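# Structural overview for review
Residues per chain, in single letters:
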Amino acid sequence: MTEPIITLRQVTKRYDSHTILNNINLTLESGKFYTLLGPSGCGKTTILRAIAGFMQVSAGEILFAGQRINDVPANKRNVNTVFQDYALFPHMTVAENVAFGLTLKKLAKSVIAERVAKALKLVQLADYGDRAISELSGGQRQRIAIARAIVMAPKVLLLDEPLSALDAKLRRQMQVELRALQQRLGITFLFVTHDQEEALAMSDEIFVMNQGEILQSGSPVDIYDEPINHFVADFIGESNILPAKMIADFQVAFGGHQFECADAGIPDNEPVEVVIRPEDLTLTTPDRAKLTVTIDNQLFRGDYYEITATDTHDNHWLIHSVNPAEDGTTVGLTFRPQDLHVMRFGEKEAEFDARLETYDDLEDDTVDQT
Amino acid sequence: MRVSKPTMTWRTIPLTKHRTWAYFLPYGLWLALFVIAPVALIIYQSFFDLGHQVTLNNYRTYFHSATYLKMTANSAWYAFLITLFTGLISYPTAYFIHQLKHRQFWLLLVILPTWINILLKAYAFIGIFSQAGLANQFLTFIGVGPQQILFTNASFIFVATYIQIPFMILPIYNALDDLNPAFINASRDLGASSWQTFRHVIFPLTLPGIKAGVQAVFIPSLSLFMLTRLIGGNKVITLGTAIEEHFLTTMNWGMGSTIGVVLIVAMIVVMLLTGDQKVKGGTPR
C-alpha cells in the first residue's frame, strides 16, 4: 500500500438540520483512478467540493498527504477540478484559459507557452490555442477544461461528472481517453458520476454512495459480483433480486427450491436476498433446468437478447441470452453456484468484508469441486 | 457555459410571422410617435433661424462659439465625474448586496428612492445643505462652523450622484447575479486569490453591467438642468440648461434644437463606446 494522498476521516456535512454527508471515511492512494458513484443528491459532489476547498465540512478531517487541509483555502490546495459545466472563462481564448493558473504563478512567458502547448497537445487540441471558447464544441470544451486543470500538474484531479453533457458515442471515447490520460500522467483521479457503466469501465476503485453515506467500496469487479445490498445490486448493472432464505452454509432457498451457493457465515434460516446477473442465466431445456420459467417478452439488443420471464412463484426474471427464445414457451434456466450472491439485510461493509474473510478459502475449495 | 439557443425557434417564425407583426404594433406606434417623430422634429428645427429661414447658421454658431463649446465640455466633464463617482460607489455596493442573505430586501431599499420625484429630492437637499440645514448644524457641532454647501459644484455632483446610484447598481447587480459561480470556483481552484479572481474573472465578466450602468447614468447626466439650478446655483451651465433657456426664455427653438442634436450625437457616441464589442468568448455568462 502506497502513501495515501487524500484521506477523509469521519467527514460530516450538515445544512441546518439536513445531513448531506454522514461520517464519510475514505482513503485515496497516489496514482489511482477512483470513482464516487451514486444517484443525484447522494452527496458525491459535496465530497469533491470539500476536497477542492469550495466548502467547509461540519465535522471530520480532510488530509492531503498526511496534512490536515480543512482550513487551507481552495487556491492553496494542490488539487484541481474539472467542472461539470467546464467553467471555461468566456472572455479568454483557449490558450489564455489553459495558461490562467500558470500566469498567476508568475512563471516566465516561455515556460507558460511551453506547458500550455504541451497540455493542449495532450488533449489533442494543439492548434486550438487562439480559438474563442464559444467556437468550441462540447467535446472540445471538455478537453480544454481537462487541459486547464492538468497543466497545473496537480497531485489529485477532481472530475465532477465531466462527461454528462456529451452524447453517448463521445462519452465512450472520452472514457477511454481519460483512463489513458490518468495512466500516462500517474495523477490520482477522483471522478464523480451517476453512470455505473462509466464507473465500471474506468475505475481502479469505486465508492458507491447513497443518501450521504458510502455503502460499499472496492474494485469494479468486486462491486459488480458481490454487491453488499439491494441498492448497490440494483444501481450497478441489471440484476434479478429475489427474496430467499439461508438454509445452511452454501445452501440457499428461493422460488420453491434449494440451491447450492457460494456464501456462508449467515445464521441458518435467516431471510436474505439473492442476486443473479441476467448474463449469468443460461437457457436450457426444462428437464436439465434448475428452474423453469415462461417467456413473457424479448428485445433484441444487438449483441444479445433481453428476455423477460416469470417462474411458477410469480418471480420476474431478466435474462441476457445470445440465442433468442420463443414467447409463451416454458424453458429451463440454469446457473452456477458462484453466480448466486446472497445479501443480508442491513449488513454494513465492515461486517460484510469480515464475513467474506471467514470462508474465502473454503469457498475456493467448493468452486474447485464443481 | 450555456449551450447556444436551439435553432428550432427560428424555424417556427415563418408560420407566425403575421401574428408577430400584430404584437409589434403598440410598440411600433409608440416608437414612431414618441421617439422617431420628436428626433426628426428636433433635427428639422435645428436648420431654421429665428426668422424661420432655412440655414446652417445654428451649427456655425455652435461650433464657433467658445461659450457653447465650453458648455459642452463642462457638461461632458461633470457627467463624467458623476458617472465615475456613481460607479465607484455602486460596484462595491452591488457586490456587497449580492453577498447578503436578504438581497431582494436590500435591493428594494436601493430602488426605493427612485420612486420619489427628483424635484422633491432636490428640495430635500436644499433643506439639508442650506445655511441652517442639517449639514451645517453638524459642521457647527463638530466645531468646523457653517460653510457654503448649497450652490457649489461639489454639492451638485453629490446630489446628482445620489440620484443616479440606483440606475448604476441595478445593472451591475444583475450582471453579478448572472455570473456563473463555477467561474469563481474555477479561478480559485487554479490558484487565484480573492483579489485576483475579482480582477481577472469577476470584473471582466460583469463589465457589460458596468457599461449598461454608464449608459443609464452618463447620458442623462449630460442634460441635467433642474439640479444645476436648484443645487448647483447655475454655476455649472450644462447643455440641458442651455436647451431649456433657448426653448423657454430666448424662444430660439432653432438653436435649442441644434444643441439637442449635439446631445443626441453625444448619446450615440457613448452608446458606441459602451456597446458590446465582439467579446472573445461569446456571451459572458
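Whatever comes next refers back to the structure up there.
Quick look at the overall build of chain B now. The secondary structure content of chain B amounts to 13 helices and zero strands. The order of α-helices and β-strands along chain B, N terminus first, is α-α-α-α-α-α-α-α-α-α-α-α-α. Taken over the C-alpha atoms alone, chain B extends approximately 65 × 65 × 35 Å along its principal axes. Residues classed as buried in chain B amount to 39% of the 285 residues present. Summarising the internal contacts of chain B: among those between residues at least 6 apart in sequence, 67% fall at separations of at least 24. Once the 18 positive and 7 negative side-chain charges of chain B are each reduced to a mean point, those two points are 8 Å apart.

Here we come to the packing of aromatic side chains. Scanning the entire structure with this criterion turns up 32 aromatic pairs over all chains. Between A:Tyr34 and A:Phe207 the ring centres are 6.0 Å apart and the planes differ by 25°, which places this aromatic pair in the stacked class. Here the residue A:Tyr34 occupies a position in strand 3 (residues 33-37), and A:Phe207 occupies one in strand 9 (residues 205-210), the gap between them amounting to 173 residues. Ring geometry for B:Tyr91 versus B:Phe203: centroids 5.7 Å apart, planes at 45°, classification tilted.

Time to look at the pattern of salt bridges. Residues and elements named next belong to chain A. Considering all chains together, one arrives at 17 salt bridges over all chains under this definition. Across the pair Arg 172 and Glu 197 runs a salt bridge whose closest N-O atoms are separated by 2.6 Å. Within this pair, whereas Arg 172 is found in helix 5 (residues 168-185), its partner Glu 197 is found in helix 6 (residues 196-202), the two being separated by 25 residues in sequence. Looking at Glu 197, the relative accessible area reads 41%, which means it is partly exposed.

Once that is clear, we can look at the interface of chain B and chain A. In this complex, chain B contributes 25 residues to the contact, which on the side of chain A involves 29 residues. Buried area between chain B and chain A, summed over both chains or domains, comes out near 2200 Å², and the portion from carbon and sulfur atoms is 61%. For the interface between chain B and chain A, the tally reads zero salt bridges. Linking chain B with chain A are six residue pairs in polar contact (both at pLDDT 80 or more). Of all the secondary-structure elements, those providing two or more residues to the side of chain B that touches chain A are helix 9 (181-189) and helix 10 (194-222) of chain B. With seven residues, the single largest contributor to the side of chain B that touches chain A is helix 9 of chain B. Looking at the side of chain B that touches chain A, its residues break down into ten nonpolar, ten polar and five charged.

Basis of the calculations
Residues numbered from 1 in each chain as written. Chains lettered and ligands numbered in written order. Predicted model: local features only at pLDDT ≥ 70, side-chain atom pairs only at ≥ 80, totals over all residues. Heavy atoms only, no water. Helix = DSSP H or I, 4+ residues; strand = E, 2+ residues; numbered from the N terminus. Buried < 20%, exposed > 50% of the residue type's maximum accessible area, 1.4 Å probe, protein only. Contact = heavy atoms within 4.5 Å. Lys, Arg positive; Asp, Glu negative; His and termini not counted. Charge placed at Lys NZ, Arg CZ, Asp CG, Glu CD. Phe/Tyr/Trp six-rings, centres within 6.5 Å; stacked < 30°, edge-to-face > 60°. Salt bridge = Lys/Arg side-chain N within 4 Å of Asp/Glu carboxyl O. Buried area = accessible area lost by both parts, 1.4 Å probe. Polar contact = N/O pair within 3.5 Å; in protein donor to acceptor, adjacent residues only side chain to side chain. Nonpolar A, V, L, I, M, F, W, Y, C, P; charged D, E, K, R; others polar.

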